[in-house]
Amino acid sequence: MTSTTEGRVYNVGGQDWDEVIAAADDLRDEGSDERLIVNMGPQHPSTHGVLRLVLTLDGETVTEIRPVIGYLHTGIEKNMEFRTWTQGVTFCTRMDYLSPLFNETAYCLAVEKLLGITDQVPVRASVLRVLMMELNRISSHLMAVGTFGMELGATTVFLYGLREREKVLDLFELISGLRMNHAYIRPGGVAQDLPPGAIEKLRDFLAIMPGQLDELRKLLDVNPIYLRRTRDVAYLDLAGCMSLGITGPILRSAGLPWDLRKSQPYCGYETYDFDICTQDGADVYARYLVRMDEIDQSLRIIEQCTDRLAAKRPVHDPVMIGNAKIGWPAQLAVGPDGMGNSADHIAHIMSQSMEALIHHFKLVTEGFRVPAGQVYASVESPRGELGCHAVSDGGTRPHRVHFRDPSFTNLQSVSAMCEGGLVADVIAAVASIDPVMGGVDR
Amino acid sequence: MTQPPNPGSASSDEQEEDAGAQAGEERLSEPVVRTGMFGTHTTGDTSGYGGLMVRQQPLPSSARPYGSYFDEVADALGSALEASGLNFGTAVERVVVANGELTLHVRRDYLVEVCRRLRDDPHLAFQLCLGVGGVHYPKFAGSELHAVYHLLSITHNRRLRLEVSAPDADPHIPSVTAVYPTCDWHERETWDFFGIIFDGHPALTRIEMPDDWKGHPQRKDYPLGGIPVEYRGATVPPPDERRSYE
């Protein structure tokens, strides 16, 4: 115990909680109105990342909770102003590291809108985007449910969640070459087409997943311990969601069927069959159910994507826009030194077409110019509305890119959810918000 | 020298030296017409395109009809503002329709009232605010700092952008947290990154940068890198000074 100007400070290092309890008891006996302030995080296994929560406690009741963020701020938006429009993808994919493909899509949709080429993006590229996003939604929700279980003490759930997530990451690795931070979706299309054998792998995945999800649900859906930790905990109703700007599974758990994939479709979502999953519990359990149901819906969409990708292809079916001044080379192949431009493409630019060489050189060194103006494009990420506000001054680099990250906004609601509740419920509340600090801090 | 010194020649030598020094000084007093032997000291542009000058575009402003649902929104906002004794033209200085999006440039004094009407009027019903982002335009004299608000109406499935500007010398914009509580953290972030002071915000403190940070990093006059790091006196060099192999 040390005394400071702000009061007595106890450093709890393990096995010494009794000392704090005794001090709190003394204070109560003295009739003092001093409160216990507990600093939770930023390095705490249950804060879901480098999040710091300053809790003011009255016994076990939380009277005030102040989230402190910024520990993962890396200046991604600033850095993007110093790179070309295409290179920006490599930065923004790292923001919300559990849903990289959504970051990329939101950014690329904004760039395409500024360029006025939204309609020219090839159909196959859009199908691939949808496929990758829905796979990503599954991996993100599995991580959310898994860590949620771990934070409440159910490590089996965590292991099951990560085991299934691994299957998605294997697919990512097969299709994009990377398990995270893919930079797969680029302005004008995607980086490359499906590799051979991907359709079969997708079919295997679709066949095995429903059973695996059932296994996960059996652990949690009617588990009495889980129900008592999650039912009526961290309640946030529709009015609260609206005023705090909450979107995504939290909003749908409050009963509002709001999903940008349905209400303001992009990437051709209007052509897929799927349902919006809602619950009316507005509590932690309802958010869990929404996420699990959304995984099922994502599997439905992936099945439709796989069918479209497996269908007989027309002769000309590119995955990158035809405009040579915008479309990056998307004919990649694995060579002796790793992934790179295919031999055909190299032969084309080096010995067949002077214009192709010029375009390649200009695109890679200078980048393309984007007409001056500003746009806002948004996608439904696993955590809610992910928006990208892009401003161009007519140059080859963004003047400003701002991301409206759903984690950042949703995390504001932690005070509304937790104040007046128990300390133990703070863990459940934060886990049910599912904030990813990389997206919060950017 | 074997020749004996001539007493008279000393003075003529001096005279010659004087003449030489004088000529040198005269030469040095002439203006410089060229320096160095090689290289270019101009832009090096031999094409002539280097002389191309592009003037700044006038600020975009759209005239009616705006198309899509934009006219309806503008009309509804106009009549809602009239109910509170305001004129649409007074509150909104410019309307811009571009890329299929509607932007209302709102004068900062009327921002809160406009937001309240946008949220509460049933014909507008912009319930959801998607936060505030800043943009720094150093070239727009008198309105360098912009705050951009994205609104969403779930009732009508419509989007709207509000843009408010403030000069660098007086970076004040009223806070909309009373209307849209979600803007709490967004306004803190915009203050942190751009130095826009949101008057009326309950606790306008830094949110992403450390509390004692100097400067506002997203402004255009703030460098990328080159900032001393709070770790054992380390410094990250600016990008143009990195990877020097000399």
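You'll find the structure just up there.
Please read these numbers as outputs of a predicted model, since none were measured by experiment. (Residues numbered from 1 in each chain as written. Chains lettered and ligands numbered in written order. Predicted model: local features only at pLDDT ≥ 70, side-chain atom pairs only at ≥ 80, totals over all residues. Heavy atoms only, no water.)

## Re the overall build of chain B
- Secondary structure assignment for chain B yields 5 helices and 7 strands.
- Listing every helix and strand of chain B by position from the N terminus yields α-α-α-β-β-α-β-β-β-β-α-β.
- Scaling as 2.2 N^0.38, a compact globule of 246 residues should have a C-alpha radius of gyration of about 18 Å, whereas chain B reaches 32 Å, well beyond that.
- Overall size of chain B, expressed as C-alpha extent along the three principal axes, is 115 × 50 × 35 Å.
- Within chain B, residue pairs in contact and separated by at least 24 positions form 50% of the contacts whose partners lie at least 6 positions apart. (Helix = DSSP H or I, 4+ residues; strand = E, 2+ residues; numbered from the N terminus. Rg over C-alpha atoms; globule rule 2.2 N^0.38 Å. Contact = heavy atoms within 4.5 Å.)

## Some details on the state of the cysteines
- Under the counting rule described, the total for this entry stands at 0 disulfides over all chains.
- The thiol of Cys267 of chain A is not disulfide-bonded; the next cysteine sulfur, from Cys108 of chain A, is found 9.4 Å away.
- By relative accessible area, which is 11% here, Cys267 of chain A ends up buried.
- Free cysteine Cys183 of chain B: the closest other cysteine sulfur is in Cys129 of chain B, separated by 3.5 Å.
- Accessibility expressed as a relative area gives 0% for Cys183 of chain B, which makes it buried. (Disulfide = S-S within 2.5 Å. Buried < 20%, exposed > 50% of the residue type's maximum accessible area, 1.4 Å probe, protein only.)

## A few points about the pairing of strand E4 (residues 52-58) of chain A
Residue and element names in this part refer to chain A.
- With respect to burial, E4 is a largely interior element, 5 of its 7 residues being buried.
- For strand E3 (residues 36-40) and E4, the ladder comprises 5 bridges, and the chain directions are antiparallel. Residue pairing across strands places Met40 opposite Leu53, the latter belonging to E4.
- Taken together, the 7 bridges between E4 and strand E5 (residues 61-68) define a ladder with antiparallel strand orientation. Residue pairing in the sheet places Thr56 in a bridge with Glu64 of E5.
- What sits between the antiparallel neighbours E4 and E5 is a turn of 2 residues, in which Gly59 has the positive phi angle 65°. (Pairing = 2+ DSSP bridges.)

## So, the nonpolar core
- In terms of nonpolar packing, the biggest core is built from 129 residues, with Tyr107, Leu131 and Leu135 of chain A touching the most fellow members.
- Not counting residues within four places of it along the chain, the set of residues in contact with Leu135 of chain A comprises Val168, Leu171, Phe172, Leu202, Phe205 and Ile302 of chain A.
- Phe70, Leu104, Leu124 and Tyr180 of chain B belong to the second-largest nonpolar core, a separate cluster that totals 43 residues. (Core = buried A, V, L, I, M, F, W, Y, C linked by side-chain atoms within 4.5 Å.)

## What about the interface of chain A and chain B?
- Contacts between the two partners involve 39 residues from chain A and, on the opposite side, 40 residues from chain B.
- Both sides together, the interface formed by chain A and chain B hides about 3500 Å², and carbon and sulfur atoms give 54% of it.
- In terms of surface lost to chain B, no three residues of chain A exceed Lys78, Gln374 and Phe408 of chain A, which account for 18% of the buried area on that side.
- The tally of links between chain A and chain B comes to 4 salt bridges.
- Glu385 of chain A is paired through a salt bridge with Arg159 of chain B; the nearest N and O atoms lie 3.0 Å apart. (Buried area = accessible area lost by both parts, 1.4 Å probe. Salt bridge = Lys/Arg side-chain N within 4 Å of Asp/Glu carboxyl O.)

## What about a negative patch on the surface?
- A grouping of Glu14, Glu16, Glu17 and Asp18 of chain B is seen on the molecular surface, where their side chains present a negatively charged patch.
- Residue placement: Glu17 of chain B occurs in helix H1 (residues 7-29). (Patch = residues over 30% accessible without salt bridge, like charges linked within 9 Å, V, L, I, M, F, W, Y side chains within 5 Å. Areas by Shrake-Rupley, 256 points an atom, 1.4 Å probe, with all protein chains shown as cover. Lys, Arg positive; Asp, Glu negative; His and termini not counted. Charge placed at Lys NZ, Arg CZ, Asp CG, Glu CD.)

## Remarks on the pattern of salt bridges
- For the coordinates displayed, the defined rule picks out 43 salt bridges over all chains.
- Of the charged contacts in the structure, one is a salt bridge between Glu166 of chain A and Arg179 of chain A, with a shortest N-O distance of 2.4 Å. One end of the pair, Glu166 of chain A, is in helix H6 (residues 155-176); the other, Arg179 of chain A, is in the loop between H6 and strand E6 (185-186), with 13 residues separating them in the sequence.
- Here Arg179 of chain A falls in the partly exposed class, since its relative accessible area comes to 29%.
- For the salt bridge of Glu72 of chain B with Arg158 of chain B, the shortest nitrogen-to-oxygen distance reads 2.8 Å. Taken together, the residues span a long stretch of sequence, with Glu72 of chain B in helix H2 (residues 70-83) and Arg158 of chain B in strand E5 (residues 158-166) at a distance of 86 residues.
- By relative accessible area, Arg158 of chain B is classed as buried at 11%.

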